[in-house]
Amino acid sequence: MKYYAQSKGVDTVYIDTLLDAMGGIKVDNSYNTNIFDENSYLFRDYVASSKHLAKINDFYTQEYNDNSIKKINIENLLYFTKDANTTIDVNHATVEVWG
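About the criteria used
Residues numbered from 1 in each chain as written. Predicted model: local features only at pLDDT ≥ 70, side-chain atom pairs only at ≥ 80, totals over all residues. Heavy atoms only, no water. Helix = DSSP H or I, 4+ residues; strand = E, 2+ residues; numbered from the N terminus. Buried < 20%, exposed > 50% of the residue type's maximum accessible area, 1.4 Å probe, protein only. Contact = heavy atoms within 4.5 Å. Phe/Tyr/Trp six-rings, centres within 6.5 Å; stacked < 30°, edge-to-face > 60°.

Q: It is not clear to me how unusual backbone geometry should be interpreted in this structure. Could you clarify?
A: In terms of backbone geometry, most residues other than glycine have negative phi values and most peptide bonds are trans. Within the chain, Asn 29 stands out as a residue other than glycine whose phi angle is a positive 60°. Within the secondary structure layout, Asn 29 lies in the loop between helix 2 (13-22) and helix 3 (35-38). The phi torsion at Asn 65 lies on the positive side, around 45°, for a residue other than glycine. With respect to the secondary-structure elements, Asn 65 resides in the loop between helix 4 (50-64) and helix 5 (95-98).

Okay, structure coming up:
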C-alpha cells in the first residue's frame, strides 16, 4: 500500500494514518501519527465506513496540509459493508488493489 501511495505522489504518512485507524487501541500509545490526539473517540479497529474514512482523510489533509490523497481513489481500495464479519475476496479485487 505504501508503494501504491508513493506511485500516486502521496506521502506514506497517509498510510501510517490509515494503519493507526485500523490498528486497534494501543495501551502504550505507540501510534504512527497523532490522529487520536485530536480524535480521541475515533474508532480504531478498521475503517468502518466512508464517513469514517472521510474523518481520517480530513485529519490527514488538515494536519499535513496535503491534498494529494485526492489522487488515490480509495473507494476502489476499500470495501464498506454493515456486516462486520465480511472476509476479503481477492477475486473481486480492482486493478488499484493489485497495483
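Q: Before we go on, may I ask you to explain helix 2 in this structure?
A: Note: α-helices contain 3.6 residues per turn, so residues at a spacing of three or four share the same orientation. Judged by how many residues are buried, helix 2 sits mostly within the fold: eight of 10 residues are covered. Those residues of helix 2 that fall on the buried side of the exposure criterion are Val 13, Tyr 14, Ile 15, Asp 16, Thr 17, Leu 18, Asp 20 and Ala 21. Residues of helix 2 that are buried sit in contact with helix 1 (2-7), helix 3 and helix 4. One or two positions beyond helix 2, positive phi appears at Gly 24, with a value near 80°.

Q: Is there a simple way to explain the packing of aromatic side chains in this structure?
A: Pairs of aromatic rings are described using the distance from one ring centre to the other and the angle between the two planes. Evaluated as defined, the whole model comprises five aromatic pairs. Relative to Tyr 60, the ring of Tyr 14 has its centre 5.2 Å away and its plane inclined at 65°; by these criteria the two rings are edge-to-face. Highlighted residues: Tyr 14 in helix 2 and Tyr 60 in helix 4, separated in sequence by 46 residues. Grouping residues by exposure puts Tyr 14 and Tyr 60 together as buried. Ring geometry for Phe 59 against Tyr 64: centres 6.4 Å apart, planes inclined by 90°, an arrangement best described as edge-to-face.

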